[in-house]
Every structure is written in C-alpha cells, then in structure tokens.
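# Structural features, examined
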Amino acid sequence: GVMVHVGGKLMEWMPWGRTKIRWEVDGWGHWRIRAVSERFEVEVEARTRDQKDLGTIVYGPTEDGMRPIVRDSSRGVLRLRVWDLIGGPRQTPEELVDAYSQRAAIEVGGEPGRWEATVVGYEERIRSVIDAFRR
C-alpha cells in the first residue's frame, strides 16, 4: 500500500476494499506505484539519477543468514503526486500534491540475477501474500 500525509491528514491506499493498486519495478533504475481509491489517486515514481548509477550492493537477511542480496542508492529521483478525484471544479480531478526530490532512497532486493527483470503487479498479487500470512 501507499500512505502519505497531506495537509496534516494521513491518506492511505491499501490492498483491500475498493482500492486498486498497480506497481511496476524494473530490475534496477525505475519504480512506479499507482493506487486509486473511491475518492483519491496517488502515484509514486522513482528512478536512478543516471544510467551509470548501479547502486551499492548491501547485505540483507535470508534463511541462510545475511547475504549480499540488496542493491540500494540514496541518489534517486522521486516524484509524488496525489489527486482528489471528486473535489476539483467542474468535477475534474484536483491535484493536491506534486512533490519532487533528488535525494530519494531506492532499493531492490532478492537474488542478483533477478535485478534485471521488470515486475508488474496488481492488488490481487499483494492480497495473495497477505492471505498467506493470515493462515
């Protein structure tokens, strides 16, 4: 899910109810998540600052102990946008937030060979993981 503070109010888009979530993660270099609830929409997009930024390999936890399975950088570029789908004039979406940072922390994890693959998912995939933990 996605959670954002806007004007002192916590807004959340979680993978249950009527919220629709779509995420896309390139192996390394580009991340995007878009979520839509009945009233609000959010998009978070991040990328590496340049193609030469390969990040730093760091250790992450595995069943066999700590292993170098995470690629990470604190030199990411991030854009956050939030819209009120009902509140705009003439019933058009009103943009509430359009924020940008050149100091975003970005990361991928898992086996290094998987970093080159692009993964696209929807809330159904997230729900199946949540359901597995509830069992």
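Residues numbered from 1 in each chain as written. Predicted model: local features only at pLDDT ≥ 70, side-chain atom pairs only at ≥ 80, totals over all residues. Heavy atoms only, no water.

Along the chain, the regular secondary structure elements total 1 helix and 9 strands. Reading the chain from its N end, one meets helices and strands in the order β-β-β-β-β-β-β-β-β-α. When each of the 135 residues of the chain is scored for burial, the buried share is 35%. Put simply, 54% of the contacts in the chain that link residues at least 6 apart link residues at least 24 apart. Summed over all atoms, the accessible surface of the chain reaches about 9000 Å², with 51% contributed by carbon and sulfur. (Helix = DSSP H or I, 4+ residues; strand = E, 2+ residues; numbered from the N terminus. Buried < 20%, exposed > 50% of the residue type's maximum accessible area, 1.4 Å probe, protein only. Contact = heavy atoms within 4.5 Å. Areas by Shrake-Rupley, 256 points an atom, 1.4 Å probe, with all protein chains shown as cover.)

Before going further, it helps to examine the packing of aromatic side chains. Per the stated rule, a full pass over the model turns up 1 aromatic pair. Note on Trp-28 and Trp-31: the rings are 5.3 Å apart at their centroids and 85 degrees apart in plane angle, and the pair reads as edge-to-face. Side by side, Trp-28 and Trp-31 carry an identical accessibility label, which is buried. When the ring centre of Trp-28 is taken as reference, the NZ or CZ atom of Arg-71 above it lies at 5.7 Å. (Phe/Tyr/Trp six-rings, centres within 6.5 Å; stacked < 30°, edge-to-face > 60°. Lys NZ or Arg CZ within 6 Å of the ring centre and 35° of its normal.)

Within the secondary structure layout, Val-44 lies in strand S5 (residues 40-48). Sequence-wise, Val-44 and Val-82 are 38 residues apart; in three dimensions their C-alpha atoms are separated by 8.9 Å. Leaving out residues up to four positions away in the same chain, Val-44 has contacts with Val-2, Trp-31, Arg-32, Ile-33, Leu-78, Arg-79 and Leu-80.

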